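Secondary and tertiary structure notes
Here is what each chain is made of, one letter per residue.
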Amino acid sequence: MCSTSSEPARRPETRPPEAERPTCPVARPGPGGVQRLDGRAVAAEPAALFERLRAEHGPVVPVLLEGDEPAWLVVGYHEVLHVARNPRRFSRDGRLWTAWREGRVGPQAPLAPVLAWGPDCAHQDGAEHQRLRAAVNESLGRFDRRGLRRLVRRHADRLIDDFAGEGHAELLSRYARRLPMLTLTEVLGLPPDEGPGLVEAGRRLLLGAEDAVANDRHIHRVLRATVERKHAAPGHDLASWLIAHPADLTDDEVVHQLRLVLVAANESTTNLVVNTLRVVLAHPPLRGSLFGGRITLAAAVEQVLWDEPPISVCPGGFATQDLELGGQRVHAGDVLLLGLAAANADPRIRPSPRASTHGNRSHLAFAGGPHECPGQDIGRAVAVTAIDALLGRLPDVRLAVEPEELTWSASTWARHLDALPVAFTARRPAPRAPAPAPPVPPAPRAAPPARPPRELHRRAARAGRAAFARLLGR
Ligand code: HEM
């Protein structure tokens, strides 16, 4: 059993030697009976884990991070919003973190790239945050949404062409992971030959992998060179627009905002695409409903943002003073984590997981408060376009395994599918789009999706309505 003490998880005296460390942290908690919040704990049954922790501790749960550093995981919906909306009590400045001040966590720690202070908007408060955030927001706002959708569609068509003739594919590695990567390479203004590698480095950084720090160095090197190049030859991209923004960012600040977008946008959008695809493919009647126009893809995506937010935990700040939160005594310098997935399932706002959320966008998948994700519309647009393209081009695409056979992995921050194998009728590639050149030319429209015969179509729509109604808890 985990500790039910209302005292915060203080640093344990000793760490168990490697050989004695539990292989399943869910079954065997860390020192002091405190839950370890590493990937293995979250990958298996996150909903059950969060519910058990909520039942034992209430809305604010003591947990252990990498290195058995104590932290508070906020799992209550209202408490997450309270932390996110009160930067004076919960600062984003990682230099306030007790573990950092006492030298237990340093720049080389796998968690450092996410939690340590840096000159990007995720780690600032107040006026400085507003200055950097305005530059990011306004620069992102310069992307024409239709142009962006065309860009995603063009990359989607090319990726689908690569496997359309094979009759089967593993969609995580060949589609859901590559599409945001290719899109981001252009959006950020990265060199096409380095972009995908760089985006992958950003993914590993978010995973808190052992090589997180080395990946971070590589990212900085390439981004610095990109910023130098954009000074000489600006383009239609985030790097150039950040340089030109009236907030007058230094080159170092531009590099850090680009790095932040790289890390924040990629894995999250990949997870949204693959999680939504899984839900749609695992519920064939829902497919019928989408074909029948009864449910929009946007609604399916929103449901996934409630049920399986692409980022399940995100940094929530460092307490600036001793305070009480959700019945726990939080000390100045303690780190708080926002349990977005757990908060979305908080029984106080969702008494039944089956309760309808249709048309309700008040989930916390993009967090809230001054740091709420500024790229959420782009993330949604990429996901909808990606799924629309795939279902349109491969209308009979189906899971190649039983849904129960799919497996998951997780880091402290996110949970993701290991693979999404599918089968479909092999078909010829769509006509190729002309070579890309910014601004992006419109891609030729793919052949319209094959529609099922009318009666089948009606039956599928009826069954789909019922299935999605169940999915939506109606
Ligand atoms: C479905 C995809 C996405 C999800 C689920 C997502 C989620 C999040 C979350 C949870 C945060 C943390 C908010 C906080 O610290 O309180 C965040 C921050 C951020 N996201 Fe996203 N994001 C997505 C896509 C994107 C995209 C496409 C971009 C940019 C192109 C982007 C840019 C950012 C930036 C710059 C921040 C930091 C904002 C700040 O600290 O002020 N995100 N995102």
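Residues numbered from 1 in each chain as written. Predicted model: local features only at pLDDT ≥ 70, side-chain atom pairs only at ≥ 80, totals over all residues.

Re the overall build of the protein
The secondary structure content of the protein amounts to 18 helices and 13 strands. Here the protein holds 474 residues, and 47% of them are scored as buried. (Helix = DSSP H or I, 4+ residues; strand = E, 2+ residues; numbered from the N terminus. Buried ≥ 20, exposed ≤ 12 C-beta atoms within 10 Å, placed from the backbone.)

A word on the site of the ligand
Around the ligand, 28 residues are found, and the nearest of them are Ala265, Ala367, Cys373, Gly375 and Gly379. At the level of elements, α6 (126-141), α13 (251-282) and α17 (376-393) are the ones that each hand at least two residues to the shell around the ligand. The biggest single contributor to the shell around the ligand is α13, with seven residues. Classifying every residue of the shell around the ligand by side-chain character gives 20 nonpolar, six polar and two charged. (Near = placed C-beta within 6 Å. Nonpolar A, V, L, I, M, F, W, Y, C, P; charged D, E, K, R; others polar.)

Regarding the sheet that holds strand β10 (residues 398-399)
Strands sit in the order β5-β13-β10 across an open sheet of three strands; the sheet is antiparallel. Of all strands in the sheet, those bounded by a partner on one side alone are β5 (168-170) and β10. Direction of pairing for β5 relative to strand β13 (residues 421-423): antiparallel, over a ladder of three bridges. Paired with Ala169 across the strands is Val422, a residue of β13. (Pairing = 2+ DSSP bridges.)

So, the environment of Ser173
Along the chain, Ser173 falls in helix α8 (residues 171-176). Spatially, the C-alpha atom of Ser173 lies 9.7 Å from that of Pro421, the residues being 248 residues apart in sequence.

What about the pairing of strand β6 (residues 313-319)?
Within β6, seven of the seven residues are buried, which leaves it mostly tucked inside the rest of the structure. Bridge count for strand β4 (residues 90-91) against β6 is two bridges, and the pairing is antiparallel. Across the sheet, Phe90 pairs through a bridge with Ala319, a residue of β6. Examined bridge by bridge, β6 and strand β9 (residues 335-339) share five bridges and lie antiparallel to one another. What sits directly across from Phe318, in β9, is Val335.

Some remarks on helix α2 (residues 46-57)
Relative to the 16 Å expected for twelve residues at 1.5 Å per residue, α2 spans 16 Å between its end C-alpha atoms, a close match to the ideal helical length. By the burial criterion, the buried members of α2 are Pro46, Phe50, Leu53, Arg54 and His57. Seen from one end, α2 has its buried residues packed into an arc of 100°, which puts them on one side. In this structure, α2 carries Ala48 and Ala55 as exposed residues pointing more than 90 degrees from its buried face. (Expected span 1.5 Å × (residues − 1). Arc of directions from axis to C-beta.)

Considerations on the sheet that holds β6
Here we have six strands laid out as an open sheet, ordered β1-β2-β3-β9-β6-β4, and mixed in their pairing. In the strand order of this sheet, the two ends are held by β1 (35-36) and β4, each with one partner. Sheet topology note: the strand β3 (residues 69-74)/β9 ladder contains three bridges and is parallel. Residue pairing in the sheet places Trp72 in a bridge with Leu336 of β9. The sheet strands contacting α2 are β1, β2 (60-65) and β9, and the helix crosses β2 at an angle near 120°. Running over the sheet, helix α3 (residues 77-85) touches β2, β3, β4, β6 and β9 and is turned about 130° from β9. (Contact = placed C-beta atoms within 7 Å. Axes fitted to C-alpha atoms, helices over the stretch in contact; angles between N-to-C directions.)

Looking at the pairing of β3
Burial of β3 is extensive: six of the six residues sit out of reach of the surface. Along β3, one buried face is formed by Glu69, Ala71 and Leu73 and the opposite face, lined by Pro70, Trp72 and Val74, is buried too. For β2 and β3, the ladder comprises six bridges, and the chain directions are antiparallel. Across the sheet, the residue bridging to Val61 is Leu73, located in β3. The antiparallel pairing of β2 with β3 creates a hairpin that spans three residues between the two strands, and Gly67 there sits at a positive phi of about 75°.

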